[in-house]
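This is what each chain is made of:
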Amino acid sequence: MLIPFTACEDKLDEINQDVSRARSVDPIFQLNRAIVNQGPAGANIVYDWAIIRQVHTPFRGVLEGANSNQVNQGSTVRNWNTFYPNVLKNLIDGIYNLQEDGTRTNALSIMRIMKAYVFMVCTDTYGDIPYSEAGLGFIDQNLFPAYDTQASIYSDIISELQSAISALNASGDNIGQEALFGGDIDKWIRFGNSLLLRAAMRLSKVDSPTAQAIVSGINQSNLMQSNLDNAFVAHQTPYNNGGNANFNNQESSNFYLDSVFVTHLQTNNDPRLEKIAIRYVGATSGNGQIPDVASTDPAIQVGLPQGPDQNGVEDILVENGVVSLYDFSQVNRNTVGAQEAPGYLVTYAQTMLLLSEARFRGWAAGDAAEAYEEGIRAHMRQFAQYPGSTAVEEADIDAYIAAHSLSSGTELDQINTEYWIASFLAGYDGWANFRRSGFPALPANPSQGALTGTSENFIRRLVYPDAEFSINFENLNAAVSRQGADLLSTRIWWDAN
Amino acid sequence: MNLKLLDKVFVLSRYAMYGMFLQCVCYTLVFSEVREDQNKGKETSGEPAVIEASYKIMQDITITGKITDENAQGLPGVSILVKGTTSGTISNIDGSYSLDVSEGAVLVVTYVGYQTKEIIVGNVSVIDVAMALDVKALQEVVITALGIEKDKKTLGYATSNVSSDEFTTNRTPKFMNALQGKVAGVNITQLGSGPQGSTKIRIRGNASLGKNNQPLIVVNGIPIDNSNFGVNNGGSDDAIGATGPNNNMDTGDGLSSINPDDIESMSVLKGGPAAALYGYRARNGVIMITTKNRTKGSGVRVEYNLNYTNGSVIDRRDYQYEYGQGENGQRPTTPFPTSGVWSFGEKIEPGMTQVLFDNLTVPYEAQENQLKEFYDNASNVTNTIAVSTGGENGGMNLSISDMTSKGVLPGNEYNRKTANFGFTQKTKKLTVSGNITYSYENIKNPPNIGEQDFSAVVMYTLANTMPLDVLRDNAFDEFGNEQAWSRFRNRTNPYFALSRFNNVVRDRIIGVVTAKYDFTDWLSLQGRIGQDYWSRDQDFNVPNGTQSKGAAPAGFVNGNYVTDIRRFRELNADFLLAFNKTFGNIGVYATFGGNHMYQRLDVNTEQGSNFYQRDLYTIGNASQVTPNYILQERMVNSLYGSAEISYKGFLYLNGTIRNDWFSTLSPDQRSILYPSVTGSWVWSQTFESMPDWMTFGKLRLGWSKVGSDDDISPYNQSLFYRVEPQNLNGYPIGQIDGGTIPNKSLRPLNTVETEIGLETMFFDNLVFEFSIYKRTAENQILTREVSNASGYSNTRVNVAESSNKGLEFAIGISPFRSTNFEWRIDANATFNKSEVISLGTDVEGESITVGNSFFHGELRQVVGRPMAQLYGWGYLRDPDGNIIHDANSGRPLRSAEQIEFGTAIPTSWGGITNSFTYKGIMLSVLIDFKLGHKIISGTHVNAYRHGFDKATLPGRDQGYVIGEGVKNIGTDENPEYVPNDVQTPVQTYYETIRGFRGSEQSVFDAGSWQLRQITLGYDFTRLIPDNKYIKGVKLSLVANNVAILATDIPHIHPDQNGIMSDLQSGLEATGIPVTRDIGFNLNLQF
């Protein structure tokens, strides 16, 4: 009896091997998954970009968010539910395997840089979040990770970046299959340092000595040197630009440029407006938004004011001289808003503007105005990277810069206002930098919603997912008692008053 | 003469259909071999089973006579067979017969439910036979686990036999649905998923906290695959469910491929003890189906059955039609797609108009008949023809059938063709029987349910002034794209939705061959091999130009096309050695057996999108193709044995033991040994003198333990990775496959069940049975949601324990009975109390979330509470219970925590059948009920937030709502509540529940009482003159889902929820409307 049973056992083992699936992949492939999945989506438009008055929607329901300053769990959970299970899980798993392996330092380092980037977006969105225990569901069987304080998260992100950057070595292991820079180690070093600059500057309000110490330690020649160093996803079907998908598909007639943004660009004769905005003049419906009536003429662009929802829009239509909501200006879906438009993580323009502020504060050597102008120029030149004929004429750039030279006393306002423009559609950083710097001084949404009665005029963070309340309550509760009530108006650590 | 002669005679028995209901009008026929020892102990039946007529040697003679029943009335349709031959006849309408026989022949006279008689032909030419009812002997044979036939009185556990009439006369496309309310302990839920859909069967509650508590289906002794292609039967990522976009469709289950006309008998093994020999797969109970493999009588018989039903949509919407389409109190006046699905518009007045689509002005008037205008009538036609032969040494049965069922969704059709061949052949020692069933199922356009795109949801959220003809005529634009009709582009125009196609074709062959060899009269060996094989091809599209899909890149057309090809094979090979001997008063029946089970499933899927050319749905035409291949194998080896010891035929003790080895578990966890013990005492046969009224009485006790690897799919111990078929500019993309954390230490779960039962009959008439059971499932493997911050969504752990305690009873009585008229009441009811005992934590109130609604609400398991608790957000209330409103906006605020609303599983269910027979006319009326559970109605959530529900009328006339309740003018810490006086715009106020996912307003008692079936039948056989060709004509008029007698659920039929998974019980998302069906069943015998 024994022999047949041993045979049976072997057969049972053999049956339980899945021959159709992989037991491992190159961690670089997982990095590429993270790169593709980290970009913004519709939920970020209704919060991140609507808060800073660049794009919003008059419609409520599923698109509710900063347009009425309400909690919409359908959107507030987005970064959490996209990053942890898709992006961070793969980064943390890949890092774990590369550490076990021990021979691929470059691969390991770029995954650590990407992980720092994603965690920064995550903590900037919610404040305290699971960090040190996150993503370890399989590796450590940690199913209910504790929340770390944002201060400790930033501290670790900064040291991770410093350590990963210094470990990169052009003569080390080949990382040619990574999708962000095609294996260019120098570009990874510049991306890492530019991200480090961003992380350090984030602390300017809450801990300026630390910010200064880190910024002053960055070798400026290791920052991004031109638009060629921009960190972006070169979107290509089926990996489309997730934010822009909303300007093209089922929500295409629902999002409009904010009147504040349009007016600012018009007032300043900004040549970028023509590349950004489109108006379907006289359109009375989504179907009426056809090329025949489209105009990119900056003079006739009309941004949609915040405040009223589709209720009683008549007054607004009259005030703005448009015939319907569909007659307001939109993000041009053939250019910057195209589905295949690049999705930026960190740009040379943003880096130069941050450097300008650092120089102005005396934390970095060099002329603030020079970096400021270079930042503006870089962003305008960056338009050439979008589909369609979007390159801004050099003469227009020069004229704009000449008219907007850095003036004494308004440096921080000017630099960060340009940062606001330079961050248009470029990831998540516009809202974070607005909270950090306090510039530009945007008018508040008249519809204060959940902010009513608080001391805040703008959403300072997004609320935690409902699921965490039912599944990971104790850990979440500890975070809430440290950080303050789980509200849109609660300020996160670096956003100190 | 004598008993010895009886030794190998087949006896036809009538059974009193214990444990089920409606039985006195319906009988099942089962062949059984009567064992000698049983006959010895059966003197109490008092039957001189063989009548010796005095005789002398004669040549061929013609015998005539009359067969009468217990009331001396002529009994038609009785089989009179010359023993040892195939010649015989059937008694005619008045019970008389005529037959040519040889001298000395033995007539075997059989009729369902009566004692079989054998008569030796003597020197008389007239033989009248008075048949006696076979109630006293209770020779009810039950097909038990592994196909072992047993006398019901020996069983120490609850079983129910189900007559095939129960599901063939008044039938539903999903035939098991017809048993709703008829079998004690069994809860059948019909789903609002169309005629091709699945049936949800739960025996004695949900056996575990898992997603699928469907019983095992065994056909001719071989388990068949009952994979379910129902909506969201996944619930976790191990399920190979539907693939591709907008494919929330229910395309049936394993039972779908069975033609009910082929079923000879069905028994339901309810508890663990009953099913112990099926082991690991039987923890949810077993439905044993035996298909026909020979005729009931002798000779050649041809039977034809025609069934036709026509169903009309039951529209239960109770919408408001005072205010029409529009938002914020305005009707659509500009040429843009309005919401199309919002009815917060203006008060409807005569002569008003609205602007729809591209500047189309149409009257603004209530459209109350949208459902009836859009949906068709359903119909179902089944034709079955069967030829069978029979004789003492065997016979065969061949049937073919065709069922064509049209659903209410235009274009939805379900066709099933089956061919079934069964045979049995005996020699002195060897019996060989077999069955092969081929079925072909063709499903066209099963309805998509529960999601916004392409689904029934839209029909329930169309604005109440949206004229359907306008929707229909403008569904397409000039290019053939969907014309935008709603600013919500994922609400597919229902007429555009009809342009998509979805075809499912399934071929299935189930075959089994059994050989049994009797070494002696006390030792036999049986070998059996059976295979269930099916292949299923599906292809479907999402049409070019669908609004909800993103535009394709320039130069391409959007849409999707998916092909999905699956093959499944399950092989079972088993042997059984049986020992059966009597030693004095002691009988011993022992078996030893083993089973080898192997399953293999492979799935090939290709999804294409971004097409080169319009209207060409092929993979080749797609510029972007995502292929996927899945292979799953599993194997279980088992050894088992059983022993039954009987004393004097009234005391029985039975034990089983089984060991399983599972391939799905790691080597040190894969073996599990488990036993069962049962006993029964037939007290009515114990004592010499029993009162006359005590016809039968039995007490039984059972205990069992069953191990199972259910809920563990193969390959659960490892983490897998995936490389995406599409790269990004040449850079490969890969990731961890799946969101479930693998767990190497999973072990089999255990189900322990104890039951006590009583089976009694008084006055040959009043049947009363009940069972008390307690079933505890320990070490359940639970898919537990974990924090997304762990990187994963869930994990599986052996932590859960839950129990079901219950009482089920069946009662049958004839309050009035006379020669021509009988009124019979059969009723059954089950009361079941479930409890979650542990989830890894024993702390009362700790919970896990197991499923989420398509709309609002979630399902949790909570320690110390009944299983399947519905949870959702509600309103924030002050200490006095008033709703607190936002002090600025006046909108109601969300509760601080989710609220527990109650269990989603009924705590009692059952049915009452009243049947009346009068001179061959039979009328039966079934009322069934399910009570004690709750529902979060997604349909109501939508009706409320879209302004259809009448509760959204207050405030419309003045244009604002002042929410009833309070507002807080103090601080959060020191609240001060004053009556709310804030004016909130009407739509904003009622829509608020969507923002905070409020469920409280949409929770209802899910219980219902329904007049489920009415059947009116007449057996015309007695009117037919003695005709050689037609031997029987039966016609029944049937009605199903006749009326809802009581329900609290608004807008939908209580059975309209279309979701199969137990992880989404009670989380209703609009299904396809339920139909009220009427039709007829015609049965002809030749």
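Scroll up to find the structure this text is about.
Definitions and limits used
- Residues numbered from 1 in each chain as written.
- Chains lettered and ligands numbered in written order.
- Predicted model: local features only at pLDDT ≥ 70, side-chain atom pairs only at ≥ 80, totals over all residues.
- Heavy atoms only, no water.
- Pairing = 2+ DSSP bridges.
- Helix = DSSP H or I, 4+ residues; strand = E, 2+ residues; numbered from the N terminus.
- Axes fitted to C-alpha atoms, helices over the stretch in contact; angles between N-to-C directions.
- Buried < 20%, exposed > 50% of the residue type's maximum accessible area, 1.4 Å probe, protein only.
- 1 Å grid on protein atoms, 1.4 Å probe; cavity = no way out; pocket = protein on both sides within 12 Å on 5 of 7 lines; lining within 4 Å.
- Points joined across faces, edges and corners; volume = space filled by probe spheres on them.
- Nonpolar A, V, L, I, M, F, W, Y, C, P; charged D, E, K, R; others polar.
- Contact = heavy atoms within 4.5 Å.
- Polar contact = N/O pair within 3.5 Å; in protein donor to acceptor, adjacent residues only side chain to side chain.

Draft legend 1. Representation of the sheet that holds strand β44 (residues 869-872) of chain B. Residue and element names in this part refer to chain B. Reading across the sheet, the four strands line up as β42-β43-β44-β46 and stay open at both edges, with antiparallel pairing between neighbours. Strand pairing shows two members of the sheet lacking a second neighbour, β42 (847-852) and β46 (899-903), which therefore form its edges. The sheet shows a mean angle of 35° between the axes of neighbouring strands, taken without regard to direction. Here four bridges tie β44 to β46, and the two strands are oriented antiparallel to one another. Following the sheet pairing, Gln869 is matched in β46 by Thr903.

Draft legend 2. Broad picture of the pairing of strand β5 (residues 79-82) of chain B. Residue and element names in this part refer to chain B. Covered by surrounding structure in β5 are Ser79 and Leu81 together with Ile80 and Val82, the residues of both alternating faces. The pairing of β5 with strand β6 (residues 88-90) spans three bridges and is antiparallel. Within β6, the position partnered with Ile80 by the bridge is Thr89. Where β5 folds back on β6, the antiparallel hairpin that results is connected by five residues, among which Gly84 adopts a positive phi of roughly 85°. When β5 meets strand β8 (residues 106-110), the two strands line up antiparallel, connected through four bridges. Within the sheet, the bridge partner assigned to Leu81 lies in β8 and is Val108.

Draft legend 3. Local environment of the sheet that holds strand β7 (residues 294-295) of chain A. Residue and element names in this part refer to chain A. With antiparallel pairing, three strands are arranged side by side in an open sheet as β7-β6-β8. Each edge of the open sheet is held by one strand with a lone partner, namely β7 and β8 (329-331). Sheet topology places strand β6 (residues 277-280) next to β7; two bridges connect them, and they run antiparallel. Looking at β7, one finds that Arg279 is bridged to Ser295.

Draft legend 4. Spotlight on empty space enclosed by the protein. Residue and element names in this part refer to chain B. If you add up the space inside the largest cavity, you get close to 420 Å³. Surrounding the largest cavity, 29 residues form its lining, Thr189, Ala904, Pro906, Lys930 and His933 being those nearest its centre. For the lining of the largest cavity, the secondary structure elements donating two or more residues are β14 (186-190), β15 (199-203), β48 (921-931), β49 (934-937) and β55 (1008-1019). Of the residues belonging to the lining of the largest cavity, the class tally is nine nonpolar, twelve polar and eight charged. A volume near 320 Å³ is recorded for the second largest cavity. Lining the second largest cavity are 30 residues; nearest its centre among them are Pro173, Gly194, Pro195, Thr1075 and Asp1077. When residues of the lining of the second largest cavity are traced back to their parent elements, those giving at least two are β20 (299-313), β23 (378-391), β24 (394-406), β56 (1032-1047) and β58 (1075-1085). Counted by class, the lining of the second largest cavity contains ten nonpolar, 17 polar and three charged residues.

Draft legend 5. Spatial organisation of the environment of Leu31 of chain A. All names here are of chain A. Looking at the secondary structure, you find Leu31 in helix α2 (residues 27-37). A relative accessible area of 0% means that Leu31 is categorised as buried. Between the C-alpha atom of Leu31 and that of Ile110, which follows or precedes it by 79 residues, the distance is 8.5 Å. Residues within four places of Leu31 in sequence aside, it is in contact with Leu91, Ile110, Met111, Met114, Glu178 and Trp188.

Draft legend 6. Highlighting the environment of Trp188 of chain A. All names here are of chain A. In this structure, Trp188 sits in helix α8 (residues 185-201). On the basis of relative accessible area, Trp188 is assigned to the buried category, the value being 0%. Taking the C-alpha atoms as reference, Trp188 lies 25 Å from Asn416; in sequence the two are 228 residues apart. Among all residues touching Trp188, those that are not within four sequence positions of it are Leu31, Ile110, Ile113, Met114, Leu168, Ile175, Glu178, Leu180 and Phe181. Within the local environment of Trp188, its side chain forms a polar contact with the side chain of Glu178, the two groups lying 2.8 Å apart.

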